[in-house]
Amino acid sequence: MKRRSLRLLVVEDERITRLELVRRLINLGYVVCGQTGSGEEAILLAAQVAPDMVLMDVTLEGELDGIFAAEAIHRELQLPVVFLTADDSPDALERAMGKSIAGYLLKPYTDSELCSAITLGRHLHALGSQLTHSEARYRKLVESLGEGLFTMDVSGNIGFANRSMAALLGLPAERLPGRNMEDFLDPLGCQALRDGVEQLRQGQPRQFELVVRSTTGELRDVLLSASPRFASNWFVGLQATVADVTERKRTERALREAEERYRHIFEHALVGIFHSNIHGRVYGANPTLATMLGYKDPGELVANLPDLFTMLFAETEAGETFRRRLLHFGRVDGMEAEVYGRDGDVLWVSLSACLAADSHGEMQINGTLLDISQRREAEQAFSASFELLSRTVDAMADPVALIDLEGHIILANEALSMALCMDKDKVKAYRYQDLLSLDVDLAPMQGKTCQEVWVRGSNSVYLETATPFNGPGGQVIGTVRVLRSKDDVIYQLSGAASPESDTLHQLARRIVCTNISS
Amino acid sequence: MNTDYKQPSEILATLPSTPDVVALRSRFPGDPQLLNQLLEMFLEDAPARCQRLQDALRAQQLDIVARMAHAIKGIGSTVEAPALSAAAKAVELAAKCRDETEVVRHLPQLLGNLDAALEQARRLMEGPTP
């Protein structure tokens, strides 16, 4: 702006000095847009006439002195103020310059000194405004930080703290300066802070964790990222960002607990558990699996089983089937196979496995092995027993059926087939109670029982003997039903000498049939 | 020892005690009306300030003494009377130090310079256009 158009407000209580100054300014090409001798009026005038600059005497008539008025004008209207004063004492200078004023000119002054002071004052004010805006920008940035930010001296006294830090400690930001950081820490935390300060003294930034207690008593885990502050190579304190890591610590604790829980399950599971990569390289197994396969510990198992698919399975084909199913379907459920133990022993296992991504996104195989050798032995023994039973039953003259708990016929002999006038294989398609009288009792399992039954289609009445039948595990899986002709029973009861007596046999059958139909 | 050192009173003695008309004219060339206005104000304001200073001294109100001396210093500077400004400054400093004895010691010099300056101003006002 050219000097001619620069508008000035003159504030001077000595009217003679004011008159002389105004005339000098006009002669120098400035525009004097207002003049007054009082501080109060100066503030009002400045607001009304909006000058480019205020020239202000320090000593003024009225309640407000020049410094107070200048401060108010600078603060409220952001106008540059140059002091004109005859007071050259250091105190006065310090008092005036402490108020962010644009300039200071000692009386008496020459025209060129006056012009220089005005020009320099405007320049300084512009710089100051830039600085103020810049500071405001950075302050806004600091205040809007999600993380806490604070400065502290070596004794722990807080110098500056942003809003996030204040919220963490439960106090308004303006009340934090002067408070001691140790007020918010327990004795252990105080010691940790002091140790941290001592380490910062060496000049290197460092991080340390603390637990702070807010004024409301809330405990928060925080991570301090602190760097040292030096003044003239003298360590004066620290500045730090403070991240609230309470949730992270809580999650970590929960994860640790969960891991411990799952590790306990893993190590004490009754089934063998393993982890391997997609190529079958085993890198983890639980103690149960190690024991099952004859290794002294999981470490030995992992070291000796580099390839699950080719080295575990006794039958190469089984290993290949397992691999193919797993890679194709993503899982294998209860595949039974023979596997090698450490010393080459073979044992039967039930194998289940699935593909899953690990924490790095790599696919891995998680699987379980259940030792079913005993079950397989029992099944084989049962199978042999069953075979023997089948042969025995077939050889019996009386109709015999082996039925399961729901009445399905598992085994029927030739005699039963003949009694029912039905092919032996067809018999198995029926349920026992469908072939006999409706009120046949399937319940008796605890021992031999007898009941009278009627075989459909043959008009024959039989006396049935039911005996529980145990499976390979020893549990009751059904009953053996032996049917004896009622004729034979009557014959026996009547004391007749021979069951081959057709007449008597037929007679008995008739009697029973008559009884049933009546 | 620095033999060039001079006491304030010695410096004061070398300064002109009355308004420097030439200097005043050179500041506002071609504006005799302004010069008259300044002298007029000087004749009214300076004695009033001086009277108030003396009243305050009698009442031992040294802060007012300092303030009035400060005002006279400024007025003296405005009318180009450096001896008057220097004497007023000596009184102002003594009053600010709450040294009444020193104020009393410097006061006659202030009064003398003021009288001389007022006399010169009156002559300039009454005489032909300076």
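Since this is a predicted model, take the numbers as computed values, not measurements. (Residues numbered from 1 in each chain as written. Chains lettered and ligands numbered in written order. Predicted model: local features only at pLDDT ≥ 70, side-chain atom pairs only at ≥ 80, totals over all residues. Heavy atoms only, no water.)

Which parts of the structure should I look at to understand the sheet that holds strand β5 (residues 103–106) of chain A?
Within a sheet, adjacent strands bond to each other through the backbone by hydrogen bonds, running parallel or antiparallel. Residues and elements named next belong to chain A. Across the sheet, five strands lie side by side as β2-β1-β3-β4-β5; this open sheet has parallel pairing. Each edge of the open sheet is held by one strand with a lone partner, namely β2 (31–36) and β5. Adjacent strand axes in the sheet meet at a mean angle of 20 degrees, parallel and antiparallel pairs treated alike. For strand β1 (residues 7–11) and strand β3 (residues 53–57), the ladder comprises four bridges, and the chain directions are parallel. Within the sheet, the bridge partner assigned to L8 lies in β3 and is M53. This element, helix α3 (residues 66–77), spans β3 and β4 (81–85) of the sheet and lies at about 165 degrees to β3. (Pairing = 2+ DSSP bridges. Helix = DSSP H or I, 4+ residues; strand = E, 2+ residues; numbered from the N terminus. Axes fitted to C-alpha atoms, helices over the stretch in contact; angles between N-to-C directions. Contact = heavy atoms within 4.5 Å.)

Help me out: how do you make sense of the sheet that holds strand β12 (residues 282–285) of chain A in this one?
All names here are of chain A. What the five strands build is an open sheet, ordered β12-β11-β15-β14-β13; its pairing is antiparallel. Single-partner strands in this sheet number two, and they are β12 and β13 (331–340). Looking at each pair of strands side by side, their axes are set apart by 30 degrees on average, direction ignored. As paired strands, strand β11 (residues 272–277) and β12 are joined by three bridges and run antiparallel to one another. Residue pairing across strands places H275 opposite G284, the latter belonging to β12.

Could you clarify how one ought to interpret helix α5 (residues 82–96) of chain B in this entry?
In an α-helix, one full turn covers 3.6 residues, which means residues spaced three or four apart are oriented alike. Residue and element names in this part refer to chain B. For α5, with 15 residues, the first-to-last C-alpha span of 21 Å sits near the 21 Å given by 1.5 Å per residue. For α5, the full list of buried residues reads A83, L84, S85, A87, A88, V91, E92, A94 and A95. Of the residues trailing α5, R98 is marked for its positive phi of about 55 degrees. (Expected span 1.5 Å × (residues − 1). Buried < 20%, exposed > 50% of the residue type's maximum accessible area, 1.4 Å probe, protein only.)

Just checking my understanding: could you explain the confidence of the model for chain A for this structure?
In low-pLDDT segments, the atomic positions of the prediction should not be examined closely. When pLDDT is averaged along chain A, the result is 83; 88% of the residues meet or exceed 70. Taken as a whole, residues 490–518 of chain A scores under 50 in pLDDT and shows 20 contacts with residues more than four places along the chain or in a different chain. (pLDDT = per-residue confidence, 0-100.)

Explain the interface of chain B and chain A here, please?
Interfaces are often described in size by the accessible area the parts lose on coming together. Facing 22 residues of chain B, the contacting portion of chain A comprises 18 residues. Between chain B and chain A the total buried area reaches about 1,700 Å² when both faces are included, carbon and sulfur atoms providing 54% of it. Looking at the side of chain B facing chain A, the largest losses of area belong to M41, R67 and H70 of chain B, adding up to 27% of the total buried there. On the surface where chain B and chain A come into contact, there are three salt bridges. Between R49 of chain B and E14 of chain A there is a salt bridge whose closest N-O contact spans 2.8 Å. Inspection of the chain B/chain A interface yields five residue pairs in polar contact (both at pLDDT 80 or more). Of all elements in the fold, only α3 (32–58), α4 (62–78) and α5 of chain B reach the threshold of two or more residues within the side of chain B that touches chain A. Partitioned by chemical class, the residues of the side of chain B that touches chain A number eight nonpolar, five polar and nine charged. (Buried area = accessible area lost by both parts, 1.4 Å probe. Salt bridge = Lys/Arg side-chain N within 4 Å of Asp/Glu carboxyl O. Polar contact = N/O pair within 3.5 Å; in protein donor to acceptor, adjacent residues only side chain to side chain. Nonpolar A, V, L, I, M, F, W, Y, C, P; charged D, E, K, R; others polar.)

Help me out: how do you make sense of the nonpolar core in this one?
Across soluble globular proteins, nonpolar side chains have a tendency to be buried as a group. Ranked by internal contacts, the top residues of the largest apolar core, which has 39 residues, are F42, L53, V65, L84, V103 and L110 of chain B. Listed by contribution, the elements that provide at least two residues to this core are α1 (15–27) of chain A together with α2 (21–27), α3, α4, α5 and α6 (100–126) of chain B. In terms of residues, this core owes the most to one element, α3 of chain B, which gives eleven residues. (Core = buried A, V, L, I, M, F, W, Y, C linked by side-chain atoms within 4.5 Å.)

Help me understand the environment of A116 of chain B, please; the structure alone is not making it clear to me.
Residues and elements named next belong to chain B. When you line up the elements, A116 lands in helix α6. Of the residues examined, A116 reaches a relative accessible area of 26% and is grouped as partly exposed. In sequence terms A116 and A81 are 35 residues apart; their C-alpha atoms lie 9.9 Å from each other.

Would you take a moment to explain the confidence of the model for chain B for this structure?
Residue and element names in this part refer to chain B. For chain B, per-residue confidence averages 83 on the pLDDT scale, and residues scoring 70 or more make up 84% of the total. Considering each helix and strand of chain B separately, the mean pLDDT is smallest for helix α1 (residues 8–14), with a value of 58, and largest for α5, with 92. For this predicted complex, the interface score ipTM comes out at 0.82, alongside a pTM of 0.45.

Can you help me understand the pattern of salt bridges in this one?
Residues and elements named next belong to chain A. Evaluated as defined, the whole model comprises 35 salt bridges over all chains. The shortest N-O distance in the salt bridge between E247 and R250 comes to 3.0 Å. With E247 and R250 both in helix α8 (residues 246–268) and three residues apart, this pair spans about one turn of that helix. Overall, the relative accessible area of 45% leaves E247 in the partly exposed class. With relative accessibility at 45%, the residue R250 sits in the partly exposed group.

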